[in-house]
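Residues per chain are reported as follows:
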Amino acid sequence: MLGGSAVAEQDAATSDAEAASFAALTHKLSYLDAADIKRVREAYKFADEAHLGQFRASGEPYITHPIAVAGLCADWKLDAQAIMAALMHDAMEDCGIGKAELIERFGAPTADLVDGLTKLDKLQFSTREESQAESFRKMLLAMARDVRVILVKLADRLHNMRTIDAMLPVKRERIARETIEIYAPIAHRLGLNETYRQLQELSFQQLRPWRHAALSKAVLRARGNRRDIVERVQRDVVKAFKEAKLAVQVSGREKTIFSIYNKMDEKRLSFAQVSDIFGFRIVVNTLPECYLALGVLHQLYKPVPGRFKDYIAIPKANGYQSLHTTLVSPLGTSVEFQIRTAPMHMVAEKGIAAHWMYKTRGSADAQNIGAMWLQSLLDIQDETRDSAEFLEHVKIDLFPDSVYVFTPKSKILALPKGATPVDFAYAIHSDVGDHCIAAKINGEPAPLRTALRSGDAIEIVTAPGARPNPAWLNFVRTGRARSRIRHYLKNMEAEESLQLGQKLLAQAIRAEGLSLPAGDETSAGTDGALWQSLLRWSGTKKRDELLTEIGLGKKIPTIVAKRMAALLAERGARPDALTLTMGRYGADDGAPSQGTVVIDGSEGATVQLAECCRPVPGDSIVGYLGRGEGLMVHTGECSTAKRLFGRDSEPWITVEWSEAPQRSFETAVTVLVHNGKGVLAQIATAVSGAEADIVHIDMGDERATETTELRLLLAVRDRLHLADTLRALKRSPSVLRVARVKP
């Protein structure tokens, strides 16, 4: 055991270590005010306690990693919330700390950043195909609804790559490949060129250690061999600008090992053939001076034709701006020059993070830089240079029109924002969409109308007998899903209309004492000729088209039947007494249905129950063949039906209920109740006790008074079941009156 003095010494050492580790960060936070630094210190203490006893693979205390990440974010001059999130970015994942606790202690914005980082950490990338890697990059950007999440994540990855040597070789290779394929391109997309180059270089060192080592030695040798050239060119350039009285900063730069390797690989060059290993960067004060500097250089050395690029007039997609020119040095070697202003240089190196840096420095050039970087990606209007306004713009997705979701086989699909599991199902295959009945999102059951979010894993449940629901058209987003649903419903409607039309015409012709001729217009003999004559009279081209129009109500079956009877009479056919009797007392299949259409609830889109009266089995019903609407079934007492009958009695046909309905039927009732606690619960209990269901409830828009009228849509088996349900409602203590709605 340790003695008291030893414990005291250990505590002091621990305290000194903590102070030293946080001190490494505090000297970088001078751009923040005292209140923000205090909040950052609180976040540090919280993270330090959360990670107490945890160590990295290198053996260092785990807290050194969050401090290093926060330090990188501080180098970019990110705001206090981002620095706090950087310190606590592993707290939720590794220490079991909930988001609610972070909200309570540090506020919702910081907690949202930590939560966003935690979600990104859970992603496992499998980047075997380039297209899949691009999808992962887009998905990651889309998931980070606040751009600060990506910045902290890139800082996290950069520090992990710098300290990756302590990990196992297999893990090193996986992380390095993930970095070079996913994170480095994101850094480039955001204009973080310095971070982009470092991530590439560190990944290349892990993935191709032998090539990296060999090229490093070659560059060192070349640096020694070409030192005289570089020094001479630099002296000449500085002298030329001095004579032109143009204040500039001249600095040499060297290509990274990875970019040299890439150039050798792409252009099949040897190391000796790579001419632009070394180059120079010229930083001037104003934009016009960029072009003046270009003129000075072109007067000094001869430019190489075709090697001049003006990225100031036409910036790169990530906001990069510079003039690039390649000149021939006195010793015959090519030397590349990049010319830019200080703000352009900051954006070139720091990209989107430059916003906070400019805000801190208060540079006059900062006022003009807003439109330069990431305009093609973020379309930011940042005239005020206000952080809150800026963040409001960049909180939206960098790919605002898409969400990226996983299939059960871990393939990524891009769908429009607002897409639902139905859109996903049709994106997989039309048959999956057509037979979709339910969905699971991240393993949990979810409604089919749920809007998907980037990173969701979707599983579709199908059933062989399922078919598209017309209600899906109200929420699907993709054109593929919409067109497929409409196509299916149209075909289904046409098929059902054809069957209904054939049944109606067969009944109508039987009522004339005749039988429906077999075959169609292509048949040989008198039947084919009869159908051809009937089609010419009706203005249709095919038998099926005529029957479909009858089923849709566009043609009246009795009129078509009379015309067919006339054509049969011309050919010598006479009404048959037995057929006439069957037409009056039997259906086309011989069942005793009085020659009527039987309604059992299994009908499709061509037979509908009118919403004005909502008939249920047991009601007297009539059928109306609305033009283009199919068969509409009303109650015999319906005022709407009586009004339609008064206008035209021709489209009406006889319908009746089946003895064994296939489903429950909806009907509307009004319930007048006393207002009070638990009224809706009493109503629901009464309906449930009667074995009925409440499909919909409407309380109106009026303010609640002593009494309120509720309008319920109930699902019942038949009229007797409805009567039982109404009686159960009347027995409820809070119900004053209940009645079925009648038009």
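Note that the structure is predicted; figures quoted are calculated from it, not measured.

1. Here's the deal with the overall build of the protein chain
What the protein chain contains, in helices and strands, is 30 helices and 21 strands. With 743 residues in all, the protein chain has 48% of them scored as buried. The contacts of the protein chain with a sequence gap of at least 6 include a subset with a gap of at least 24, amounting to 66%. Accessible area for the protein chain stands at about 37,300 Å²; split by element, carbon and sulfur atoms hold 51% of it.

2. Observations regarding the packing of aromatic side chains
Using the criterion set out here, one finds 7 aromatic pairs in the structure. Ring plane angle 20 degrees and centroid distance 5.5 Å describe the contact between Phe280 and Phe337, whose orientation is recorded as stacked. Pair noted here: Phe280 is in strand S2 (residues 278-284) and Phe337 is in strand S6 (residues 334-341), with a separation of 57 residues, a long-range link. Each member of the pair, Phe280 together with Phe337, is buried. One aromatic cluster in this structure is built from Phe204, Phe258 and Tyr261. Arg543 extends its terminal NZ or CZ atom over the ring of Trp531, reaching a point 5.4 Å from the ring centre.

3. Some words on the pattern of salt bridges
Summed over all chains, the structure comprises 17 salt bridges. Measuring nitrogen to oxygen at the nearest pair gives 3.9 Å for the salt bridge that ties Arg232 to Asp236. On the criterion of helical spacing, the pair formed by Arg232 and Asp236 is a turn pair, its members being 4 residues apart in helix H13 (residues 227-243). Look at Arg232 and you get partly exposed, because its relative accessible area is 37%.

4. Examining the sheet that holds strand S18 (residues 665-674)
The strand order S19-S20-S18-S21 describes an open sheet built from 4 strands, whose pairing is antiparallel. Here the strands that pair on one side only, and so sit at the sheet edges, are strand S19 (693-698) and strand S21 (735-740). Between one strand axis and the next, the sheet turns through 25 degrees on average, direction left out of account. Pairing of S18 with strand S20 (residues 707-716) involves 10 bridges; the strand directions are antiparallel. Among the inter-strand pairings, His674 is bridged to a residue of S20, identified as Thr707. The sheet contacts of helix H29 (residues 679-689) involve S18, S19, S20 and S21, and relative to S19 the element is tilted by about 150 degrees. Sheet contacts for helix H30 (residues 719-730): S18, S20 and S21; angle to S21, the most-contacted strand, approximately 165 degrees.

5. As for the sheet that holds strand S10 (residues 444-446)
Spatially, S10-S9-S11 is the arrangement adopted by the 3 strands of the open sheet, whose pairing is antiparallel. In this open sheet, the two edge strands, each paired with only one partner strand, are S10 and strand S11 (458-462). Adjacent strand axes in the sheet meet at a mean angle of 35 degrees when their direction is disregarded. Note that strand S9 (residues 436-441) and S11 share 5 bridges and pair antiparallel.

6. Overview of the nonpolar core
Membership of the largest hydrophobic core comes to 74 residues, with the highest contact counts inside it found for Leu25, Val40, Met88, Leu102, Leu154 and Phe271. Counting residues per element, this core draws most heavily on helix H9 (residues 147-162), which supplies 9 residues. Here Val40 is in contact with Phe22, Leu25, Leu29, Leu32, Ala80, Ile83, Met84 and Leu87, once residues within four sequence places are set aside. Among the nonpolar cores identified, the runner-up in size contains 48 residues, and Met564, Ile621, Val673 and Leu722 belong to it.

7. Remarks on a positive patch on the surface
Taken together, the side chains of Lys267, Arg307, Lys309 and Lys316 define a basic patch exposed on the protein surface. Here Arg307 is to be found in the loop between strand S3 (302-303) and strand S4 (309-310). Given the relative accessible area of 30%, Arg307 is considered partly exposed.

8. A word on helix H26 (residues 557-570)
Here H26 is 14 residues long and its end C-alpha atoms lie 20 Å apart, about the 20 Å a rise of 1.5 Å per residue gives. Along H26, the residues classified as buried are Pro557, Val560, Ala561, Met564, Ala565, Leu567 and Leu568. Down the axis of H26, the sector holding all buried residues measures 165 degrees, keeping them to one side. Following H26 by one or two positions, Gly572 adopts a phi angle in the positive range, close to 90 degrees.

9. What about the environment of Ala184?
Structurally, Ala184 is set in helix H10 (residues 169-189). Residues within four places of Ala184 in sequence aside, it is in contact with Thr179, Tyr196, Leu199 and Gln200.

10. Remarks on the pairing of S18
Most of S18 is tucked away: 8 of the 10 residues are buried. Here S18 pairs with S21 via 5 bridges, running antiparallel. The partner of Leu672 across the bridge, within S21, is Arg737.

11. Some details on the packing of helix H2 (residues 34-50) against helix H6 (residues 99-106)
Packed helix pairs are specified by the crossing angle of their axes together with the interaxial distance, meaning the distance between the axes. Two elements in contact, H2 and H6, have axes whose closest approach is 12 Å; the angle formed by their N-to-C orientations is 150 degrees. By the criterion of interaxial angle, the relationship of H2 to H6 is roughly antiparallel. Both H2 and H6 take part in a crossing whose hand is right-handed. For the pair formed by H2 and H6, the contact residues are Glu42, Ala43 and Phe46 on the first element and Glu101, Leu102, Arg105 and Phe106 on the second. Of the residues in the contact of H2 with H6, the class split is 4 nonpolar, no polar and 3 charged.

12. What to know about the environment of Ala43
In this structure, Ala43 sits in helix H2. For the pair formed by Ala43 and Met88, sequence separation is 45 residues and the distance between their alpha carbons is 6.9 Å. Residues in contact with Ala43, not counting those within four places in the same chain, are Met84, Leu87, Met88 and Phe106.

13. Observations regarding the packing of helix H11 (residues 193-207) against helix H14 (residues 257-267)
Interhelical geometry of H11 versus H14 gives an angle of 70 degrees and a closest axis separation of 8 Å. The angle between H11 and H14 places the two elements in the roughly perpendicular class. Contact residues: H11 offers Gln200, Glu201 and Phe204, while H14 offers Ile257, Phe258 and Tyr261. Looking at the contact of H11 with H14 residue by residue, the class counts come to 4 nonpolar, 1 polar and 1 charged.

14. Brief notes about the side chain of Ser430
The residue Ser430 is located in helix H22 (residues 430-434) in this model. Apart from the residues lying within four places of it in its own chain, the contact partners of Ser430 are Arg480 and Arg484.

15. As for the environment of Thr685
Considering the arrangement of structural elements, one finds Thr685 in helix H29. Its relative accessible area of 54% is what places Thr685 among the exposed residues. A sequence separation of 44 residues divides Thr685 from Leu729, and the C-alpha atoms of the two residues are 9.0 Å apart. A polar side-chain atom of Thr685 sits 2.7 Å from the main-chain carbonyl oxygen of Ala681.

16. Quick notes on the confidence of the model for the protein chain
Taken over all residues, the pLDDT of the protein chain has a mean of 77, while the share at 70 or more is 80%. Note on residues 1-20: pLDDT under 50 across the span, and 4 contacts to partners over four residues away in sequence or across chains. Confidence drops under pLDDT 50 across residues 583-595; counting only partners more than four residues distant or on other chains, this segment forms 24 contacts.

17. A short note on unusual backbone geometry
Even without being a glycine, Lys245 presents a positive backbone phi close to 55 degrees. Turning to its location among the elements, Lys245 is positioned in the loop between H13 and strand S1 (249-254). One non-glycine residue with positive phi stands out, namely Glu691, at about 65 degrees. Counting through the fold element by element, Glu691 comes out in the loop between H29 and S19.

Criteria and cut-off values
- Residues numbered from 1 in each chain as written.
- Predicted model: local features only at pLDDT ≥ 70, side-chain atom pairs only at ≥ 80, totals over all residues.
- Heavy atoms only, no water.
- Helix = DSSP H or I, 4+ residues; strand = E, 2+ residues; numbered from the N terminus.
- Buried < 20%, exposed > 50% of the residue type's maximum accessible area, 1.4 Å probe, protein only.
- Contact = heavy atoms within 4.5 Å.
- Areas by Shrake-Rupley, 256 points an atom, 1.4 Å probe, with all protein chains shown as cover.
- Phe/Tyr/Trp six-rings, centres within 6.5 Å; stacked < 30°, edge-to-face > 60°.
- Lys NZ or Arg CZ within 6 Å of the ring centre and 35° of its normal.
- Salt bridge = Lys/Arg side-chain N within 4 Å of Asp/Glu carboxyl O.
- Pairing = 2+ DSSP bridges.
- Axes fitted to C-alpha atoms, helices over the stretch in contact; angles between N-to-C directions.
- Core = buried A, V, L, I, M, F, W, Y, C linked by side-chain atoms within 4.5 Å.
- Patch = residues over 30% accessible without salt bridge, like charges linked within 9 Å, V, L, I, M, F, W, Y side chains within 5 Å.
- Lys, Arg positive; Asp, Glu negative; His and termini not counted.
- Charge placed at Lys NZ, Arg CZ, Asp CG, Glu CD.
- Expected span 1.5 Å × (residues − 1).
- Arc of directions from axis to C-beta.
- Parallel < 35°, antiparallel > 145°, perpendicular 65-115°, else oblique.
- Left-handed = near helix turned anticlockwise from the far one by under 90°.
- Nonpolar A, V, L, I, M, F, W, Y, C, P; charged D, E, K, R; others polar.
- Polar contact = N/O pair within 3.5 Å; in protein donor to acceptor, adjacent residues only side chain to side chain.
- pLDDT = per-residue confidence, 0-100.

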